[in-house]
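Chain and residue survey
Take a look at the letters that make up each chain.
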Amino acid sequence: MLSGVQWLDASLMGLLGLLIGSFLNVVVYRLPKMMERQWQLEAAEMAGQELAKQEAFNLVVPRSRCPHCGHAIAWYENIPVLSYLALGGKCSACKSPISARYPLVEATVAALFFYCSWTYGANASGLAWSVFATVLVALALIDWDTTLLPDDLTLPLVWLGLIAAALQWIPVTLNASLWGAVGGYMSLWTVYWAFKLVTGKDGMGYGDFKLFAALGAWFGWQTLIPMILIASIIGAIVGIAMKLNASLREGGYVPFGPFLAGAGLCALFLGPAALRHAVGL
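This write-up is about the structure you can find in this document. Just so it is clear, the model here is predicted, and its values are computed rather than measured.

**Looking at the overall build of the protein chain**
Helix and strand counts for the protein chain stand at ten helices and zero strands. Each helix and strand of the protein chain, ordered N terminal to C terminal, gives the series α-α-α-α-α-α-α-α-α-α. Here the protein chain has a C-alpha radius of gyration of 20 Å; the compact-globule value for 281 residues is 19 Å, and the two agree. Seen through its C-alpha atoms, the protein chain measures out along the principal axes to roughly 60 × 60 × 40 Å. The proportion of buried residues among the 281 residues of the protein chain is 41%. A separation of at least 24 residues holds for 69% of the contacts in the protein chain among residues at least 6 apart in sequence.

**Quick notes on the pattern of salt bridges**
Any two side chains of opposite charge can pair if their charged atoms end up close together. Counting across every chain of the model gives three salt bridges. Between arginine 101 and aspartate 145 there is a salt bridge whose closest N-O contact spans 2.7 Å. Of this pair, arginine 101 sits in helix 3 (residues 101–120) while aspartate 145 sits in helix 4 (residues 124–146), and the two are 44 residues apart along the sequence. The partly exposed category is assigned to aspartate 145, whose relative accessible area is 38%.

**With respect to helix 5 (residues 151–166)**
For helix 5, with 16 residues, the first-to-last C-alpha span of 22 Å sits near the 22 Å given by 1.5 Å per residue. Residues of helix 5 that are buried: Leu153, Thr154, Leu157, Val158, Gly161, Leu162, Ala164 and Ala165. Seen from one end, helix 5 has its buried residues packed into an arc of 165 degrees, which puts them on one side. Opposite the buried face of helix 5, by more than 90 degrees, sit the exposed residues Asp152 and Trp159. Along its buried surface, helix 5 packs onto helix 1 (4–46), helix 4, helix 6 (174–199) and helix 7 (206–219). In the stretch just after helix 5, glutamine 168 is the one whose phi turns positive, near 60 degrees.

**Here we look at the side chain of serine 96**
Locating serine 96 in the fold gives a position in the loop between helix 2 (82–86) and helix 3. Setting aside anything within four residues of it in sequence, one finds serine 96 in contact with His68, Gly89, Lys90 and Cys91.

**Observations regarding the packing of helix 4 against helix 7**
Taken N-terminus to C-terminus, the directions of helix 4 and helix 7 make an angle of 160 degrees; their axes are 12 Å apart at the nearest point. The orientation of helix 4 relative to helix 7 falls into the category roughly antiparallel. The crossing of helix 4 and helix 7 is left-handed. Of the residues in helix 7, those touching helix 4 at Ala128, Trp129, Phe132, Leu136, Leu139 and Asp143 are Asp208, Leu211, Leu215, Trp218 and Phe219.

**Quick look at the packing of aromatic side chains**
This model, assessed by the stated rule, comprises 16 aromatic pairs. Ring centres of tryptophan 129 and phenylalanine 132 lie 5.4 Å apart, and the angle between their planes is 90 degrees; on these two criteria the pair is classed as edge-to-face. Pair noted here: tryptophan 129 and phenylalanine 132 are both in helix 4, with a separation of three residues, about one helical turn. Judged by its relative accessible area of 0%, tryptophan 129 falls in the buried class. An aromatic cluster is defined as three or more aromatic residues linked by ring pairs; in this entry it consists of Tyr120, Trp129, Phe132, Trp218 and Phe219. When the ring centre of phenylalanine 57 is taken as origin, the NZ or CZ atom of arginine 30, which lies over that ring, is 5.4 Å away.

**Observations regarding the environment of lysine 53**
Here lysine 53 shows up in the loop between helix 1 and helix 2. Counting along the chain gives 174 residues from lysine 53 to methionine 227, while the straight-line C-alpha distance between them is 45 Å.

**Focus: the layout of surface pockets**
Computed from the structure, the largest pocket encloses a volume of approximately 1000 Å³. At the level of elements, helix 1, helix 2, helix 3 and helix 4 are the ones that each hand at least two residues to the lining of the largest pocket. Counted as a void, the second largest pocket has a volume near 350 Å³. Gly203, Tyr253, Val254, Pro255 and Phe256 are the residues nearest the centre of the second largest pocket, which is lined by 16 residues in total. For the lining of the second largest pocket, the secondary-structure elements that each account for two or more residues are helix 6 and helix 8 (224–244). A total of four residues in the lining of the second largest pocket trace back to one element, the largest contributor, which is helix 8. Of the residues assigned to the lining of the second largest pocket, the class counts are ten nonpolar, five polar and one charged.

Conventions we followed
Numbering of residues starts from 1 in every chain and runs along the sequence as written. Local features in a predicted model are, by the rule used here, given only for residues with pLDDT of at least 70; side-chain atom pairs are given and counted only at 80 or more, and totals for whole chains, interfaces and linings are based on all residues. In computing side-chain values, all of the structure's heavy atoms are included and hydrogens and water are not. Helix and strand labels come from DSSP, where a helix needs a run of H or I of at least four residues and a strand needs a run of E of at least two; each type is numbered from the N terminus. The globule rule used here is 2.2 Å times the number of residues to the 0.38 power, and the radius of gyration it is set against is calculated over C-alpha atoms. Burial classes follow relative accessibility: with a 1.4 Å probe on protein chains only, a residue under 20% of its type's maximum area counts as buried, one over 50% as exposed, and anything between as partly exposed. What makes two residues a contact is simply this: any of their non-hydrogen atoms within 4.5 Å. Basic side-chain nitrogens of Lys or Arg form a salt bridge, by our definition, when they fall within 4 Å of a carboxyl oxygen of Asp or Glu. Take the number of residues in a helix, subtract one, and multiply by 1.5 Å to get its expected span. The directions from the helix axis to the C-beta atoms form the arc being described. Convention adopted: a line fitted to C-alpha atoms gives each axis, helices being fitted over their contacting stretch, and angles between N-to-C directions are expressed from 0 to 180 degrees. Angle categories are assigned with fixed cut-offs, so that under 35 degrees is roughly parallel, over 145 is roughly antiparallel, 65 to 115 is roughly perpendicular, and the rest are oblique. Crossings are assigned a handedness: left-handed for a near helix turned anticlockwise from the far helix by less than a right angle, right-handed for a clockwise turn. To pair, rings of Phe, Tyr and Trp, with the six-membered ring standing in for Trp, must have centres within 6.5 Å; the planes then decide the type, stacked if under 30 degrees apart, edge-to-face if over 60, and tilted in the middle. Should the NZ of a Lys or the CZ of an Arg lie within 6 Å of a ring centre and within 35 degrees of the ring normal, that charge is described as sitting over the ring. Cavities and pockets were defined on a 1 Å grid built over protein atoms only: a cavity is a set of grid points that admits a 1.4 Å probe from which the probe cannot escape, a pocket is an open set flanked by protein on both sides within 12 Å along at least five of seven lines, and lining residues are those with an atom within 4 Å of any such point. Grid points are joined across faces, edges and corners, and a volume is the space filled by probe spheres set on the points. Gly counts as polar in this scheme, as do all residues outside two lists: the nonpolar Ala, Val, Leu, Ile, Met, Phe, Trp, Tyr, Cys and Pro, and the charged Asp, Glu, Lys and Arg.

Spelled out as structure tokens, the structure:
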């Protein structure tokens, strides 16, 4: 049973999660656009062309605006969850509906921060798992929206898992973490090339390899099989449901990253020990 101090710590971590969840919405929307701008710039440089000067666009500037009318969102309209409820889910200027995903993301990240603090403590371990869960949420949403898994998120997640294992912030040895990262990457890399050689098509993207490597780094090589099974089962269920509802995107492609991220969150709740026990280790 949690003490009063533990409840306070977890609640404060949850409040921090609310704020980070608000910023995460910005990351999910802007990071893919920043990547596209960078690709355009690199392509123009290779072609010897010069692009017209563009307005600064990053995770900080410009200020968030309504996508319908361009209304600059004031600070009091950007308070996580509360502003959405106070505004009735509509822009204060043009009354266009605001996606419910924004407060849902904020509440989800807050709940994950609370859970990680409640489970692992308001310490380096709890903070590390909170960051892990938050990055998974971001990757799942970005991949679902754009079929991209940015290196700016997947690669730091791999390194953070190795560092957390080395510093004993997570219950995984550095050896298991290292081989988990290697095994996670190489397993999907092998499947990718086997599928490509047989069919001539790409079955997944390189970002999936890196994300699975990150999961291996955080949970150890012993958990790779149960995690890929969890991801495959969730993916199959969602894919079949979308096909029955005729809601598959063009080409019938369903990104695998969100299901890998879902498997990672399942592993977070179950714990590495439970996953190892599932495969008899």
